[in-house]
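Chain by chain, the residues run as shown.
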Amino acid sequence: QLQAERIRRLQKLAEERFGKECRIPWYIMTSDYTKDPTLKFFEKNSYFGLDPRHVMVFEQHMLPCLTNDAKIVLDQKYRLARAPDGNGGLYEALIDPKQNVLREMETRGVKCVHVYCVDNILVKMADPVFVGFCAE
């Protein structure tokens, strides 16, 4: 919610500054376990005032779970336990042909992205100074 409110505020500031509509696309990487609850949360809260067309939710890949001594873990009698492949899985998820996230970014004209971990509550997401500094 805090991040959605920040994007909404940045869009408003940009619109006031430049006198035209501004939309900041927000790409949210989830897992097999969190995608549906995430989408339901956004829908229940009307995307916190953001246009849903600019909030893209995609999935990271899953890997089989192993014990410390490399034994396979099952979550049911005949089914492997799986876990998300972690923050580094972002890069594979971006180029996954089933999701077309990178192609979608190109279509929108996205030139740079600000990647951060969702658990970092202190992140100053979409910070214009930081993004501008990195872009230069």
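The next subject is helix α5 (residues 128–135). With respect to burial, α5 is a largely exposed element, only 0 of its 8 residues being buried. Here α5 starts with a cap whose side-chain oxygen sits 3.1 Å from the backbone nitrogen of V129, and that cap is D127.

Let us now look at the pattern of salt bridges. The tally for this structure, following the rule as stated, stands at 9 salt bridges. We note a salt bridge from E104 to R108, for which the minimum N-O separation is 2.5 Å. With a gap of 4 residues between them, E104 and R108 both fall in helix α4 (residues 101–108), about one helical turn apart. Relative accessible area serves as the criterion here: at 30%, R108 is assigned to the partly exposed category. Salt bridges sharing partners connect three or more residues here, namely E15, E21 and R23.

Okay, the nonpolar core next. Judged by nonpolar contacts, A4, I7, W26, I28, F42, Y47, F48, L50, V55, V57, V123 and M125 together constitute the single largest core of 12 residues. Those elements that place two or more of their residues in this core are α1 (2–18), β1 (26–30) and β2 (55–59). When near neighbours in sequence (up to four residues on either side) are disregarded, V55 contacts W26, I28, Y47 and L50. Counting residues in each nonpolar core, the second largest holds 8 residues, with M56, F58, L94 and V101 among its members.

This brings us to the environment of N45. Here N45 shows up in the loop between α2 (35–44) and β2. Sequence spacing of N45 and Q3 is 42 residues, and the spatial spacing of their C-alpha atoms is 13 Å.

This part is about the pairing of β2. Side-chain direction in a regular strand flips from residue to residue, so the side chains alternate between the two faces of the sheet. Within β2, 4 of the 5 residues are buried, which leaves the element mostly enclosed by the surrounding structure. Summarising the sheet, β1 and β2 pair through 5 bridges and their orientation is parallel. Among the inter-strand pairings, I28 is bridged to a residue of β2, identified as V57. Traced from β1 through α2 to β2, the parallel crossover comes out right-handed.

Although it is not a glycine, Y47 sits at a positive phi angle of roughly 55°. Of note in the backbone geometry, A70 takes a positive phi value of approximately 65° without being a glycine. Among the secondary structure elements, A70 is positioned in the loop between β3 (62–64) and β4 (74–76). Owing to a relative accessible area of 56%, A70 belongs among the exposed residues under this scheme.

What counts and what doesn't
- Residues numbered from 1 in each chain as written.
- Predicted model: local features only at pLDDT ≥ 70, side-chain atom pairs only at ≥ 80, totals over all residues.
- Heavy atoms only, no water.
- Buried < 20%, exposed > 50% of the residue type's maximum accessible area, 1.4 Å probe, protein only.
- Helix = DSSP H or I, 4+ residues; strand = E, 2+ residues; numbered from the N terminus.
- Polar contact = N/O pair within 3.5 Å; in protein donor to acceptor, adjacent residues only side chain to side chain.
- Salt bridge = Lys/Arg side-chain N within 4 Å of Asp/Glu carboxyl O.
- Core = buried A, V, L, I, M, F, W, Y, C linked by side-chain atoms within 4.5 Å.
- Contact = heavy atoms within 4.5 Å.
- Pairing = 2+ DSSP bridges.
- Right-handed = clockwise from strand over helix to strand, strands pointing away.

Purely geometric stuff here, so don't read any function into it on its own.
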